[in-house]
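# Structural overview for review
If you want the building blocks of each chain, they are given just below.
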Amino acid sequence: MSAVAAFAKWSSHHRIAGEARRASGGNSLAVIDPATEARVGEIVDAAPAEIAAAVAAANAAQQGWAKVNYHRRAELLHEVARRIMAARPLVSEMLTREMGKPFKESADEAAWSASAVDYYAEVARHDNGRVLGPTVDGQFHFTTKDPLGVVVIILPFNYPLCLLCWQAAAALASGNAVIIKPAEQTTLTTLEFVAAFEALPPGLVQVLAGGGAVGRALVEHDDTHMVAFTGGIETGRLVAEACGRLYKRALIETSGNDPYIVMPSAPIDIAARGAAFGAFLNCGQVCAAAERFYVHERVHDEFVARLVHHARQVRIGNGLGKVDMGPLASQRELARYLRVLEQARSDGAVVLCGGGRPAAQPKGWFVDATVLGQVSPEAAIMNNESFGPVAPVCRVRDFDEAIRLANRSRYGLGATIYTRDLDESMRAVSELQAGMVWVNAPLLDNDAGPFGGRKQSGMGRQLGAEGLDTFRHTKLAMIDPAANPHDFWWYPYADAEAFPGPQRG
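### Here we look at the nonpolar core
For soluble globular proteins, nonpolar side chains are generally found buried alongside one another. Core analysis: the biggest nonpolar cluster contains 100 residues, and Leu164, Leu172, Ile180, Phe193, Phe197, Leu200 and Leu208 have the highest contact counts within it. Counting residues per element, this core draws most heavily on helix α6 (residues 160-173), at 12 residues. With residues up to four places along the chain from it excluded, the contact list for Leu200 reads Trp65, Leu76, Leu77, Val80, Leu172 and Val205. Counting residues in each nonpolar core, the second largest holds 58 residues, with Leu372, Val390, Ile403 and Tyr418 among its members.

Structure representation (structure tokens):
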């Protein structure tokens, strides 16, 4: 199937109970290729009846899935991973056409998705509780892990496949069902991608198209049991509040404004290349992107010169061509990002390269790879998420100032430092207030290591063993095989343990 045919197939559809179901009505939204501004399809909000049908199917499927042994679950999840890799060329092209990232980045994302599924297929088999030292002779005390039930996964547009699998693989391996509400910009790709999960029982993985109203209905539904949300701070706060009100488990990953520190001992050209990648990857639409740069005054000028050089080498264009950076994902994102740049100029930043839209790309939502100099630590761009391809650079006097400014933020997702000083490396790991710290290795992920933030960057973790427990209850069991009496604390209490003072009249 071609990407064009797949877009036509999934336009105005949902995946409910193992079937492609045409939307029954509701608000519709055109899906636009951000590189060409051509219409590639449309999505329609799931109606209340469709939401009810998906939730009922998920609960029914989950009850059977929870009884499937872990070895069989692993076999089926490995088959899902194989199917993801087989479908990789098609879904990568669809993702590039639907949200704009270069085809290489789309293909990488599909591979990362399969890797996460393979990882959780195995790791879930290795830990299903633990045996405890009993507090009473002859007893057996242990914990087991139970699924939560039906997990709602609300996804962003920037990494729709990878984040789906980070969360869905852990949830499914733990015995849950999932209902996916994709971002409006990447729904059609997600509907096709989820065909890989047809190896699992029908109803276990479903996709409902739509906007915020659909997400809200799923979050607040009495028969959904957890929400995994990735998106902006304000929406994340609403999801967290709703889940708190309902005592419903939540994984919240919101925004980032990650610091990137460069110290004198760093290899400056390597640090600058890493900075260009960290700032411009996926057109800067990465929650853990390097968004504010604190560079030691001794190497500031050299670093900035090299960063400008590498920024100017970034090839910009349609992601289906030989390019390094595609467009922003939507016209709305373009307008928002241009306002961010305008505010940065108003705050005193100097544009060293880029700063607008490339003249060679008159159509599409393209922007330049931009470097800003003379940026004050008080500037808005140093204190709010930019979510676009811009690298604002601030000069610092020493390591302590860099750490202080890095931590002076409401965000705490990731942080990068370039240094070959061991003391600075260890202090950075200890002192940076972030969920992840990269020393000379920006933006790396590891399926076996937890991903998540602090402060207003979210709560909870995905990936690693921590990500598995995000989707499980822990149950404590205590067994006395002999059913002995517990006279050491049952009635009647021993007279010798009564209050030893004078007897009350």
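### A few points about the environment of Gln374
Among the structural elements, Gln374 can be located in the loop between β15 (370-373) and β16 (390-396). Each C-alpha atom, one on Gln374 and one on Arg408, is 19 Å from the other, the two residues being 34 residues apart in sequence. Beyond its immediate chain neighbours, meaning those up to four positions away, Gln374 contacts Gly348, Ala349, Val350 and Val393.

### Some words on the sheet that holds strand β6 (residues 140-147)
Taking strand neighbours across the sheet as the criterion, the three strands line up as β5-β6-β22 in an open arrangement whose pairing is antiparallel. Single-partner strands in this sheet number two, and they are β5 (131-132) and β22 (472-479). Sheet topology note: the β5/β6 ladder contains two bridges and is antiparallel. When the sheet's bridge partners are listed, Leu132 is paired in β6 with His141.

### Digging into unusual backbone geometry
In the segment running from Tyr491 into Pro492, the intervening peptide bond is cis, with an omega of -10°. With respect to the helices, strands and loops of the structure, Pro492 is situated in the segment after β22. The phi dihedral of Ser12 falls on the positive side, at around 60°, and the residue is not glycine. Looking at the element boundaries, Ser12 is found in the loop between α1 (3-10) and β1 (13-16). In this model, Asn440 sits at a positive phi of 60°, which is unusual for a non-glycine residue. Following the sequence through the fold, Asn440 ends up in the loop between β19 (436-439) and β20 (454-455).

### Description of the sheet that holds β16
Ordered in space as β14-β15-β16-β13-β12-β18-β19, the seven strands form an open sheet in which the pairing is mixed. The strands lining the two open edges of the sheet, one partner per strand, are β14 (350-353) and β19. Strand after strand, the sheet turns through a mean of 25° between neighbouring axes, direction not considered. Relative to β15, helix α12 (residues 331-346) is tilted by about 20°, and along the sheet it contacts β14, β15 and β16.

Definitions and cut-offs
- Residues numbered from 1 in each chain as written.
- Predicted model: local features only at pLDDT ≥ 70, side-chain atom pairs only at ≥ 80, totals over all residues.
- Heavy atoms only, no water.
- Core = buried A, V, L, I, M, F, W, Y, C linked by side-chain atoms within 4.5 Å.
- Buried < 20%, exposed > 50% of the residue type's maximum accessible area, 1.4 Å probe, protein only.
- Helix = DSSP H or I, 4+ residues; strand = E, 2+ residues; numbered from the N terminus.
- Contact = heavy atoms within 4.5 Å.
- Pairing = 2+ DSSP bridges.
- Axes fitted to C-alpha atoms, helices over the stretch in contact; angles between N-to-C directions.

Treat this as a map of the structure, not an account of what it does.
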